[in-house]
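Chain by chain, the residues run as shown.
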Amino acid sequence: MSDKEQPYIEVRFSSPCEDVSIRCRTLLDTGAETTCIPEELVHALHLQVHDKRVIETVAGEVRDVGKYFVNVQIGNNLFSKHPVLAIPLKTPLIGWDILGRGVVLYSLMSRVFGQIIHVLGAIPSFKQRTVLVLGQDTTQIIRLQAIQDRLRGRGYTGIIVKDQADIEIQSIEEKVNMLASLCRFVICDNTFPSGHIDELKICSLNRFVTAILQEEGKGATWMQVDYPLDFSFMKIFKYSSVKQIDSAVNNAVKWAEKKIVERKAFFNRLYSWR
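Residues numbered from 1 in each chain as written. Predicted model: local features only at pLDDT ≥ 70, side-chain atom pairs only at ≥ 80, totals over all residues. Heavy atoms only, no water.

Peer 1: Would you mind going over the pattern of salt bridges with me for this structure?
Peer 2: As a working rule, side chains carrying opposite charge can pair if their charged atoms are close by. Summed over the entire model, instances satisfying the criterion amount to eight salt bridges. Here Arg143 makes a salt bridge to Glu215, at a shortest N to O gap of 2.8 Å. Of this pair, Arg143 sits in helix α5 (residues 141–153) while Glu215 is found in strand β11 (residues 210–215), placing the two residues 72 residues apart along the sequence. For Glu215, a relative accessible area of 10% puts it in the buried group. Its salt-bridge partner being Asp166, residue Lys175 comes within 2.7 Å of it at the nearest N-O pair. (Salt bridge = Lys/Arg side-chain N within 4 Å of Asp/Glu carboxyl O. Helix = DSSP H or I, 4+ residues; strand = E, 2+ residues; numbered from the N terminus. Buried < 20%, exposed > 50% of the residue type's maximum accessible area, 1.4 Å probe, protein only.)

Peer 1: Looking at this structure, how should I read the side chain of Asn190?
Peer 2: With respect to the secondary-structure elements, Asn190 resides in the loop between β10 (185–189) and α7 (196–206). Side chain to side chain, Asn190 and His196 meet in a polar contact 2.7 Å long. Dropping the residues within four chain positions of it, Asn190 is found in contact with His196, Leu200, Ile212, Leu213, Gln214, Gly219 and Ala220. (Polar contact = N/O pair within 3.5 Å; in protein donor to acceptor, adjacent residues only side chain to side chain. Contact = heavy atoms within 4.5 Å.)

Peer 1: How should I be thinking about the packing of helix α6 (residues 172–182) against α7 in this particular structure?
Peer 2: The geometry of a pair of packed helices is captured by two quantities: the angle between their axes and the separation between those axes. Viewed as axis vectors pointing N to C, α6 and α7 meet at an angle of 50°, and their least axial separation amounts to 10 Å. By the angle between their directions, the pair α6 and α7 is classed as oblique. Of the two possible hands of crossing, α6 and α7 adopt the one that is right-handed. Packed against α6, whose contacting residues are Glu173, Val176 and Asn177, the element α7 presents Asp198, Glu199, Ile202 and Asn206 at the interface. Classifying every residue of the contact of α6 with α7 by side-chain character gives two nonpolar, two polar and three charged. (Axes fitted to C-alpha atoms, helices over the stretch in contact; angles between N-to-C directions. Parallel < 35°, antiparallel > 145°, perpendicular 65-115°, else oblique. Left-handed = near helix turned anticlockwise from the far one by under 90°. Nonpolar A, V, L, I, M, F, W, Y, C, P; charged D, E, K, R; others polar.)

Peer 1: So what exactly am I meant to see when it comes to helix α9 (residues 245–270) here?
Peer 2: Because an α-helix completes one turn every 3.6 residues, residues spaced three or four positions apart along the sequence face the same direction. In a regular helix each residue adds 1.5 Å, so 26 residues correspond to 38 Å; α9 covers 37 Å between its end C-alpha atoms and thus fits that length. When we look at burial in α9, the residues that qualify are Ile245, Ala248, Val249, Asn250, Ala252, Val253, Trp255, Ala256, Glu257, Lys259 and Ile260. As for α9, its buried residues are in contact with α5, β10, β11 and β12 (234–239). (Expected span 1.5 Å × (residues − 1).)

Peer 1: What is the right way to read the pairing of strand β1 (residues 8–14) from this model?
Peer 2: A regular strand places its side chains on the two faces of the sheet in alternate fashion. Across the seven residues of β1, six count as buried, placing the element largely inside the fold. Two elements, β1 and strand β2 (residues 21–28), share seven bridges in a ladder whose sense is antiparallel. When the sheet's bridge partners are listed, Tyr8 is paired in β2 with Leu27. Between β1 and β2, which follow one another and run antiparallel, lie six residues, and Glu18 among them has a positive phi close to 65°. (Pairing = 2+ DSSP bridges.)

Peer 1: Would you mind going over α6 with me for this structure?
Peer 2: Along α6, the positions that sit buried rather than exposed are Lys175, Val176, Leu179, Ala180 and Leu182. Along α6, the residues classed as buried sweep out an arc of 160° about the axis, all on the same side. (Arc of directions from axis to C-beta.)

Structure representation (structure tokens):
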């Protein structure tokens, strides 16, 4: 890929106390786990080393690099005191630790013009760590946020439909379908009636691995209680109260990962070219 074809965006870096800031062209790299900045930028922002980390370069060389905290702003998205590594680079590199945040990658898709191949190439990485969280997202948003928090603790990024930007040529159903397709699996809180009833139908029709969370004694509708009977990729997990939702999320994630492994093995046997 030539320099002109590289997926660059403008990013604002600043010191944790915001006394020094620099805007510069920055490379996006979905293959990098951690955001990295040039050593020159460390000196320009007067950053203080927080720790050392051992990394292995592409050439197989093992070296110690400094770990720093810096504010990273991409458009309206600000990541305060975000950990970065300082390595011998000419250009900063935004890694998956930032790109993996659903709202960031989703918004960048429309901003990195001419990088369609790059965006498509990011989907496998996005699908490894992202979970779509469905449910009553107005009066019961606290439940969905609790699910997000538990997912974050397990290394996933949980995204909520209404937090993602709308695309004018898409219906809401199309938006849900697109987001679910991009995610590793779906977790749906089915405790109270809402538009997620239609979203569960979408998940069943498209065979998305879907864990259904539901508070004991409550439920959105009787119309879909039989889904787990007919669809092996859907399962219900009960919890006693919103304070106990963490355990249900943990069990749901374990089940979903097991189901994904089963499906992966089946598809690899079925599709001989893989």
